[in-house]
Amino acid sequence: MLDKLFFGALIVVFLLFVAYIWFNIALYFKRRKYAHIASPDLKPGPLWCLGHAFSLRSRIGPETCFTDVMKEISEELQSDNFVLFVLNINFLVVLDPDTPAKILTNHRTFLKMGGKKENMSYIDGNRVFGERGMVVEIGSDVWYHKRRVMDAAFHKNSLRDLLGQMEDISKKLSLYLSEQKQESMDIYPVFIKVALETICRCGFNLNDDIIFSKDTLLIEAFEHIFYATQLKFQCCLKFMLPWQYRKEKAILKKSVNIVRSSLKQRLNDKIESQKEDKDDIRDMLHYIISANFYQEKLDVEDVLDDFFVFVIAGTETTAIVMALVLFYMLKNPGVAAKVQAEVDEVYEDGDSLTLEKTNKLVYLEQCIKETLRIHPPAQATLRVNWNEDVTVDNLFIPKESYIMMSQEITQRKADIWPDPMKFDPDRFDPDAPRIKPFTYMPFMAGPRSCIGRHFAMLEMKVMISRLFRDFNFVDPDPKLQQIPMKTVVTAKPKDGVKIGFKGRDKTC
């Protein structure tokens, strides 16, 4: 009996050894295809198959900006393009400013990873962004169809209808700040609530009082989802183990169910209202349903996936940018004074905004764009050429390369943006030299650029202009000149954004 067990164990060990050898040989030939591209040295040995996994793990800490690590490696190799090997995945990092333009515009060849491979499609078995959501979908006809459907929700006419709701929320924000007893506070959590209420109200006509409420069920659910997505990115391998983070996974499951159930009920009600011609609420869902396409090809869960992305991504990214805009205003009093004068002129004939009036907030938009240049919330993007080898600008890209491009690094290149870390809104002055395409892309670029960029810009202009109309701002920490950032899913202020404020003679 023991002899049989021993013999069986030997066979298992032998087969594992053969599999290990075969795996290493396959990796060797796969990695040879990248011999023409710079790469950090790999030492031969039994762990050679892991590639650069350990060295990357040692460089990337819980709060390390991923793009800083990529920039360090680029400088060490003295090359804008390099390859990193992690097991059987080959990450081709492309940091030169020209090649990404060819990649991002060719969405038929360079695709997304696809829902099944995306980190956030499902978390611990819970459907979050789904497999065919517009953001994660690989790039098939399904994506093209869904993009056409969603375009209706972000058309100029749609934004015009949503402006009044944004204004109402901006007045609530102003009222909330005016009722605070302290003269300084961290504005970032406030903007999270503002952005969340804006997307819920404009997207789904969910009228929860998020700004003034401290612990509503919906707010708690979103907070848990934010935390879980961050935890999944920070501790990806550990999170996959069934016995790890049990409490967090249980809360996540409950939270996802709460949010998706709320949105699903709203979507079903909306469909019935439009079928009966009783829908007079012009939120985003109205335009999606009116587009006529999706009732034939898309089911309710697919639409929920996309709006789940808008709620999660649109909330945090918009809040980050609004907080950072105020930070740079505090550090640049001359810039703040120009914004103040522009806002006063726009509001001169009344308390309300129109789309035409927001178009006159030119300098404020320049400030927002400059903030997005220095601190794009999404620091990098990824594409894969699943189907074929490709040559782009004399760069041979083997099939199934995971191509990483960083808008943050491009937008901070000194040869493109002189004195790149200086906050200078005049870079975006209408009379300034034309910006080279694909050197400024905070909302990404090409066919798969952010569909909600115009919505986000309008929201930020409405909220920030309201604050400048009603408050004077004071810098509570003049010594702090560069705000510390941390990266999880997005790049966000590490310690929040503290501002001092006092009501102006003009009150809301």
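Here, every reference points to the structure presented above.
Quick notes on the rules
Residues numbered from 1 in each chain as written. Predicted model: local features only at pLDDT ≥ 70, side-chain atom pairs only at ≥ 80, totals over all residues. Heavy atoms only, no water. Helix = DSSP H or I, 4+ residues; strand = E, 2+ residues; numbered from the N terminus. Buried < 20%, exposed > 50% of the residue type's maximum accessible area, 1.4 Å probe, protein only. Contact = heavy atoms within 4.5 Å. Areas by Shrake-Rupley, 256 points an atom, 1.4 Å probe, with all protein chains shown as cover. 1 Å grid on protein atoms, 1.4 Å probe; cavity = no way out; pocket = protein on both sides within 12 Å on 5 of 7 lines; lining within 4 Å. Points joined across faces, edges and corners; volume = space filled by probe spheres on them. Nonpolar A, V, L, I, M, F, W, Y, C, P; charged D, E, K, R; others polar. Patch = residues over 30% accessible without salt bridge, like charges linked within 9 Å, V, L, I, M, F, W, Y side chains within 5 Å. Salt bridge = Lys/Arg side-chain N within 4 Å of Asp/Glu carboxyl O. Expected span 1.5 Å × (residues − 1). Pairing = 2+ DSSP bridges. Axes fitted to C-alpha atoms, helices over the stretch in contact; angles between N-to-C directions. Core = buried A, V, L, I, M, F, W, Y, C linked by side-chain atoms within 4.5 Å. Parallel < 35°, antiparallel > 145°, perpendicular 65-115°, else oblique. Left-handed = near helix turned anticlockwise from the far one by under 90°. Phe/Tyr/Trp six-rings, centres within 6.5 Å; stacked < 30°, edge-to-face > 60°. Lys NZ or Arg CZ within 6 Å of the ring centre and 35° of its normal.

Trainee: Help me out: how do you make sense of the overall build of the chain in this one?
Mentor: Across its full length, the chain carries 18 helices and 13 strands. Here the chain, with 508 residues, has 52% of them falling under the buried criterion. In the chain, the proportion of contacts linking residues at least 24 apart, taken out of those at least 6 apart, comes to 73%. For the chain, the accessible area works out to roughly 24400 Å², and carbon and sulfur atoms hold 55% of it.

Trainee: Is there a simple way to think about the layout of surface pockets in this case?
Mentor: Rolled over the atoms, a probe as big as a water molecule pinpoints where empty space is left. Counted as a void, the second largest pocket has a volume near 610 Å³. Listing elements by their share of the lining of the second largest pocket, those giving two or more residues are helix H6 (156-178), helix H15 (355-358), helix H16 (362-374) and helix H18 (453-470). For the lining of the second largest pocket, the leading source of residues is H18, giving five residues. Across the lining of the second largest pocket, the residue classes tally to 15 nonpolar, four polar and six charged.

Trainee: What am I meant to see in a nonpolar patch on the surface here?
Mentor: The grouping of Phe7, Ile11, Phe14, Leu15, Phe17, Val18, Tyr20, Ile21, Ile25, Tyr28 and Phe29 at the surface amounts to a nonpolar patch, some 1100 Å² of accessible area in total. Secondary-structure assignment places Phe14 in helix H1 (residues 2-32). Residue classification places Phe14 among the exposed residues on the basis of a relative accessible area of 52%.

Trainee: Can you walk me through H18 in this structure?
Mentor: An α-helix turns once every 3.6 residues. As a result, residues three or four positions apart point the same way. Taking 1.5 Å as the rise per residue, H18 with 18 residues should run 26 Å; its terminal C-alpha atoms sit 26 Å apart, in good agreement. Across the 18 residues of H18, 16 count as buried, placing the element largely inside the fold.

Trainee: Which parts of the structure should I look at to understand unusual backbone geometry?
Mentor: Residues other than glycine predominantly adopt negative phi, and peptide bonds predominantly adopt the trans conformation. Although it is not a glycine, Asp393 sits at a positive phi angle of roughly 50°. By the element assignment, Asp393 lies in the loop between strand E7 (390-392) and strand E8 (395-397). Given a relative accessible area of 38%, Asp393 falls into the partly exposed group. If you check the backbone angles, Asn394 has positive phi at about 65° while not being a glycine. Structurally, the position occupied by Asn394 is in the loop between E7 and E8. Residue Asn394 is classed as exposed on the basis of its relative accessible area of 79%.

Trainee: Where do I start with the sheet that holds strand E13 (residues 498-503) in this structure?
Mentor: Through backbone hydrogen bonds, the strands of a sheet pair up, either in parallel or in antiparallel fashion. The strand order across the open sheet formed by three strands is E5-E13-E10, and the pairing between neighbours is antiparallel. Lying at the two open borders of the sheet, with one neighbouring strand each, are strand E5 (184-186) and strand E10 (471-474). For this sheet, the mean inter-axis angle between neighbouring strands, taken without regard to orientation, is 40°. The pairing of E10 with E13 spans four bridges and is classified as antiparallel. What sits directly across from Asn472, in E13, is Lys502. Each of E10 and E13 is contacted by H18, which is oriented at about 90° to E10, the strand it contacts most.

Trainee: Before we go on, may I ask you to explain the nonpolar core in this structure?
Mentor: Most often, soluble globular proteins keep nonpolar side chains buried together rather than apart. Ranked by size, the top nonpolar core spans 101 residues in total, and within it Leu177, Ile187, Phe191, Phe222, Met329, Ile368 and Phe455 carry the most contacts. For this core, the element with the highest residue contribution is helix H13 (residues 300-331), accounting for 20 residues. Setting aside anything within four residues of it in sequence, one finds Phe455 in contact with Phe154, Leu159, Leu162, Met166, Thr198, Ile199, Cys202 and Met284. By size, the runner-up hydrophobic cluster in this structure holds 20 residues, among which are Val94, Leu395, Ile397 and Phe438.

Trainee: I keep staring at the pattern of salt bridges and nothing clicks. Help me out?
Mentor: Pairs can form between side chains of opposite charge once their charged atoms are near each other. This model, assessed by the stated rule, comprises 20 salt bridges. In this structure, Arg466 and Glu167 form a salt bridge, with 3.6 Å as the shortest nitrogen-oxygen distance. Here Arg466 is found in helix H18, whereas its partner Glu167 is found in helix H6, with 299 residues between them in sequence. By relative accessible area, which is 6% here, Glu167 ends up buried. The network of salt bridges with common partners includes Asp168, Lys172, Glu197, Arg201 and Asp209.

Trainee: Would you mind going over the packing of helix H7 (residues 188-204) against H18 with me for this structure?
Mentor: In a packed pair of helices, the relevant descriptors are the angle between the two axes and the axis-to-axis distance. As a packed pair, H7 and H18 sit with axes 12 Å apart at the nearest point and diverge in direction by 130°. The orientation of H7 with respect to H18, classified from their angle, is oblique. Two packed elements cross with a definite hand, and for H7 against H18 that hand is right-handed. On H18, the residues that touch Phe191, Val194, Ala195, Thr198, Ile199 and Cys202 of H7 are Phe455, Glu459, Met463 and Leu467. Among the residues forming the contact of H7 with H18, the class breakdown is eight nonpolar, one polar and one charged.

Trainee: In this structure, what is going on with the packing of aromatic side chains? I would like to understand it.
Mentor: Centre distance and the angle of the planes are the two values used to describe a pair of aromatic rings. Applying the stated criterion across every chain, the model contains 13 aromatic pairs. On the basis of an interplanar angle of 80° and a centroid distance of 5.3 Å, the ring pair of Phe327 and Tyr328 is categorised as edge-to-face. Both residues of the pair, Phe327 and Tyr328, count as buried. Grouping aromatic residues by their ring pairs yields a cluster made of Phe91, Trp386 and Tyr402. Sitting over the ring of Trp48, Arg31 keeps its end group 4.5 Å from the ring centre. Directly above the ring of Tyr347 sits Arg469, whose terminal nitrogen or CZ lies 5.6 Å from the centroid.

None of this, on its own, says anything about what the molecule does.
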